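Here are the chains, one letter per residue:
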Amino acid sequence: GTDFDVQTFLSEQIEETVSGFTAAVAVSVYGNDLDALDSTAAQITRALGEISGAADVRLQSPSGIPELSIRLRPDELTRWGFDAVDVLDAVRLAYQGTAVGQIYDGNRVFDLAVILSPRDRNSVEAVGNLPLRSPSCSFVRLRQVADVSLSSGRYSIEHIGARRVQTVTCNVSGRDVVSFVAEAKRRISADMRLPAGSYVEFTGEAEAQSRARRDLLMHSLLALGGIVVLLSMVIDRPRHLLLILLNAPFALVGGVAAAALTGGELTLGSMVGFVTLFGITLRNSIMMISHYEHLVTVENVPWGLETAIRGAAERLAPILMTSLVTGLGLLPLAIHSESAGQEIEGPMAIVILGGLITSTALNLLVMPALALHYGGTFRKKDD
């Protein structure tokens, strides 16, 4: 009946913040009937266990937990002159123990507790033989004034938002959490009929990733729109603007390849890495195109193959320095991406490094050829 979790501190804190449980996926069943909740949660537990990739599937508040029941008999208590509180205090002292003093060892303090020996606490019969001293100084066994038996019951009834809930949690191994949750939703909705007044809610890493992905995508699109507007105000030729934006796919190729080679999972850290990567690559392409315009409009160099090669050669050092400094700074994070505490920064660094490699190479090799193809666009303004 013992379960084990091995997690990093950051993972545990994130999962507890997201769903309240230290697991990647949490399925909560809400309702009023406790027996119906237990039955539904047991079905969900079996369904999750049959899905590929499920690990550590467990019911958070299982019913039927064995417990020792001691029910006092009022008539017997009166017969022997016992007070119910005194009897329960004796039971607590015998089987839970109590501190009766302290022991000092230098600057350390230890509580001294008394409790019955293990051989007097390891069976129902031993509990029933607990001697109690009555006010008349006669000794009576606990079984003479109480019914001692083993029974089952709930040790905890969970509530969320003043609603009774049973929660099934699990981790995911060998596949991404999003696809696992999608399959679990399909299987539960197709194979299970919920009791009246009950409903199921999925929480955990997958739901948090979906919300964060939607928010990040929306904010990134808004930021991209603002960048395009600002660039169009500075760059007067639409073709130049398109050349600058064309460098974004150059970075995307390397980022996707790096993510695929390291597991193929697109996490929130990876998406943040793509956003960061686009900013770096756009800067490099702006440096290239603006230098071409400078050569033609300021230095009066005729636009052609030699000018395209010259502009790429003169921008080689700045672009390489930008990429190398960024890459060397992120390299330790990428190398130790599997270490504890690197669950977010590790995938982000891997995506940025992969994108920098392809965007830098393609920016220096392919961008001049594309710019040369649009040769008529690099002209003096008076032309």
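Below is a short write-up of the structure. (Residues numbered from 1 in each chain as written. Predicted model: local features only at pLDDT ≥ 70, side-chain atom pairs only at ≥ 80, totals over all residues. Heavy atoms only, no water.)

1. Digging into the packing of aromatic side chains
Summed over the entire model, instances satisfying the criterion amount to two aromatic pairs. Judged by centre distance (5.0 Å) and plane angle (15°), the rings of Tyr-30 and Tyr-199 are stacked. Taken together, the residues span a long stretch of sequence, with Tyr-30 in strand β1 (residues 25-30) and Tyr-199 in strand β11 (residues 199-204) at a distance of 169 residues. Residue Tyr-199 is classed as partly exposed on the basis of its relative accessible area of 34%. Seen from their ring centres, Tyr-292 and Trp-303 are 5.1 Å apart, and the 70° between their planes marks the pair as edge-to-face. Here the residue Tyr-292 occupies a position in helix α10 (residues 268-297), and Trp-303 occupies one in the loop between α10 and α11 (305-314), the gap between them amounting to eleven residues. (Phe/Tyr/Trp six-rings, centres within 6.5 Å; stacked < 30°, edge-to-face > 60°. Helix = DSSP H or I, 4+ residues; strand = E, 2+ residues; numbered from the N terminus. Buried < 20%, exposed > 50% of the residue type's maximum accessible area, 1.4 Å probe, protein only.)

2. Looking at the environment of Val-148
Its place among the elements puts Val-148 in strand β8 (residues 146-153). Separated by 107 residues in sequence, Val-148 and Ala-41 place their C-alpha atoms 31 Å apart. When sequence neighbours within four positions are dropped, the list of residues in contact with Val-148 reads Leu-68, Ser-69, Ile-70, Val-124, Val-127, Gly-128 and Leu-142. (Contact = heavy atoms within 4.5 Å.)

3. Looking at the nonpolar core
In terms of nonpolar packing, the biggest core is built from 20 residues, with Val-25, Val-27, Ile-44, Leu-48, Phe-180 and Phe-202 touching the most fellow members. Listing elements by their share of this core, those giving two or more residues are β1, α2 (34-49), β10 (163-172) and α6 (177-191). Setting aside chain neighbours within four positions, we find Phe-202 in contact with Val-25, Ala-26, Val-27, Val-181, Ala-184, Lys-185, Ile-188 and Glu-207. Among the nonpolar cores identified, the runner-up in size contains 19 residues, and Leu-241, Leu-282, Met-287 and Ile-319 belong to it. (Core = buried A, V, L, I, M, F, W, Y, C linked by side-chain atoms within 4.5 Å.)

4. Focus: the side chain of Ser-69
Considering the arrangement of structural elements, one finds Ser-69 in strand β3 (residues 65-72). Among the polar contacts listed, one links the side chain of Ser-69 to the side chain of Arg-71, at a separation of 3.5 Å. Beyond its immediate stretch of four places on either side in the chain, Ser-69 contacts Asp-147, Val-148, Ser-149 and Ser-151. (Polar contact = N/O pair within 3.5 Å; in protein donor to acceptor, adjacent residues only side chain to side chain.)

5. Topic: helix α8 (residues 238-245)
Residues of α8 that are buried: His-240, Leu-241, Leu-243 and Ile-244. Viewed along the axis of α8, the buried residues span an arc of 160°, placing them on a single side of the element. For α8, exposure combined with an orientation more than 90 degrees from the buried face picks out Pro-238 and Leu-242. (Arc of directions from axis to C-beta.)

6. Examining a nonpolar patch on the surface
A surface patch of nonpolar side chains, about 490 Å² in accessible area, is lined by Leu-93, Val-100, Ile-103, Phe-110, Leu-112 and Val-114. Residue assignment for the nonpolar patch shows that the elements contributing at least two residues are β4 (98-105) and β5 (108-114). At three residues, β5 tops the list of elements feeding residues into the nonpolar patch. One can find Val-100 in strand β4. (Patch = residues over 30% accessible without salt bridge, like charges linked within 9 Å, V, L, I, M, F, W, Y side chains within 5 Å. Areas by Shrake-Rupley, 256 points an atom, 1.4 Å probe, with all protein chains shown as cover. Salt bridge = Lys/Arg side-chain N within 4 Å of Asp/Glu carboxyl O.)

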